[in-house]
Amino acid sequence: MTRLDADEAVTTAVGQAQESASGDDGPRALLLEAREVPLGGVRAMSVRRALPQRDLPLVGAWCFLDRFGPQVTRMRVEPHPHIGLQTVTWPFQGDVRHRDSIGSDVMVRRGALNLMTSGAGIAHSEYSRGEDAAPLDALQLWVALPESRRHGAPAFEQHSVLPEVVLAAESGAAGAAAVVLGEFAGTASPATTYSPIVGAEVRVPAGSRLRLPLEPEWEHALVGIDGDLAVHTETEGDIGLDDAHLLYLGLRRDHVDVSSVGGATLFLLGGEPFEDDIVMWWNFVGRTHEEIVEAREAWEAGGERFGHVVDHGDERIPAPPLPAVRLTRRRRRV
């Protein structure tokens, strides 16, 4: 999905994630509010952005997280480009048609994962089903590609069956987690990844308290999806989490406990601190100002780098103007 919002006037860039741990004596939790942003061309859509944050540009290789919905809307995101990232589409309600410039034309539904790897360049569009407004709710996430993969060929894959993990309860009924991307609790998703990473949907039954196992060398965050949630930490005590916030858990935790009175769903994301500095502007993830400029010019010129999205005509989202200053890195401050 394209990211057209006020942040386009400045660069969104991250410093090395390893630096976030410097000077820390142990893990710490930070509750960060998602912000409302307009989405290019479909201003009636309600979108809440949990990543990037001003003080926390990424978590592991995760560099972007939007929640669009729940709402009744007609979604029309016309062809737009990407470089240097993977897009992860995880629906909760409604169907979204994905078309791209390598010939993919699929419908993504609840329980299925759409994963697009841009490599050096790809273009795609996203439409809700039909011509009328319909219920729609989903997460859209981006994963920054490491140096070893970001210059490669584009790719697309869809996974309609994902592994489930049973989570034993400290009290109440057992919970479950769908392993969307990477590895969680010793179970791996079939989706292709290029960095050590986790993305999992966790379902907490009413009246239950669950323990989520974490990789202590990774950093993690939790995002509320629905229901009432309490996160129990050994260092900060109990923290309430709703669908308008992201809870950053930092490094050096081997578990976190979550509970719900009425039942809830959350999304766990995390991974090994990313290998490099990145510069992110509009729909591009690169390493330098010059790379971003080059990608923008290639899209505006309509050349072969991004190709043509299947079953589309000339419609496309134009690139916004570059800021009047050089794109610089934004380092994390937490």
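Just above, that's the structure.
Here we summarise the structure given alongside this text. Model, not experiment: these values are computed from the prediction. (Residues numbered from 1 in each chain as written. Predicted model: local features only at pLDDT ≥ 70, side-chain atom pairs only at ≥ 80, totals over all residues. Heavy atoms only, no water.)

1. Things to note about the packing of aromatic side chains
Spelled out, the test is: Any two rings among Phe, Tyr and Trp, with Trp reduced to its six-membered ring, count as a pair given centres within 6.5 Å; such a pair is stacked if its planes are under 30 degrees apart, edge-to-face if over 60, and tilted if neither. Only DSSP runs of H or I with at least four residues qualify as helices, and only runs of E with at least two residues qualify as strands; both kinds are numbered from the N terminus onward. By the criterion adopted, a ring carries a charge over it if an Arg CZ or a Lys NZ lies within 6 Å of its centre and within 35 degrees of its normal.
Under the defined criterion, the tally for this structure stands at six aromatic pairs. Here the aromatic rings of phenylalanine 64 and tryptophan 142 are separated by 4.1 Å at their centres, their planes lie at 25°, and the arrangement is stacked. Here phenylalanine 64, found in strand β5 (residues 62-73), pairs with tryptophan 142, found in strand β12 (residues 134-144); they are 78 residues apart in sequence, far enough to count as distant. Three or more aromatic residues joined by ring pairs form one cluster here, namely Trp281, Trp282, Phe284, Trp299 and Phe306. Above the ring of tyrosine 127, the side-chain terminus of arginine 99 is found at 4.9 Å from the ring centroid.

2. Observations regarding the sheet that holds strand β13 (residues 155-159)
Heads up, the rule is: By this definition, two strands are paired if DSSP reports at least two bridges between them. Only C-alpha atoms enter the line fits that serve as axes; for helices the fit covers just the stretch in contact. Angles between N-to-C directions range over 0 to 180 degrees.
A sheet is described by the order of its strands in space; here seven strands give the open sequence β3-β4-β5-β12-β7-β10-β13, paired in antiparallel fashion. The open sheet terminates on both sides in strands that have one partner only, identified here as β3 (35-37) and β13. For this sheet, the mean angle separating the axes of adjacent strands, direction not counted, is 20°. With eight bridges joining them, strand β7 (residues 85-93) and β12 adopt antiparallel strand pairing. Residue pairing in the sheet places proline 91 in a bridge with alanine 138 of β12.

3. Considering the pairing of β7
Basically, it comes down to this: Burial here depends on accessible area, computed with a 1.4 Å probe over protein chains only, as a share of the maximum for the residue type. Under 20% is buried, over 50% is exposed, and the range in between is partly exposed.
Buried residues dominate β7, accounting for eight of its nine residues. As paired strands, β7 and strand β10 (residues 113-117) are joined by four bridges and run antiparallel to one another. The residue of β10 that forms the bridge with glutamine 86 is threonine 117.

4. Some points on the sheet that holds strand β22 (residues 237-241)
Taken in spatial order, the five strands line up as β15-β19-β24-β21-β22 in an open sheet, and their pairing is antiparallel. Edge positions in the sheet fall to β15 (169-171) and β22, since each has one partner strand and no second. Adjacent strand axes in the sheet meet at a mean angle of 30° when their direction is disregarded. Pairing analysis gives two bridges linking β15 to strand β19 (residues 208-213), with the strands arranged antiparallel. Within the sheet, the bridge partner assigned to alanine 169 lies in β19 and is leucine 210.

Geometric descriptors of this kind do not, in isolation, establish any biological role.
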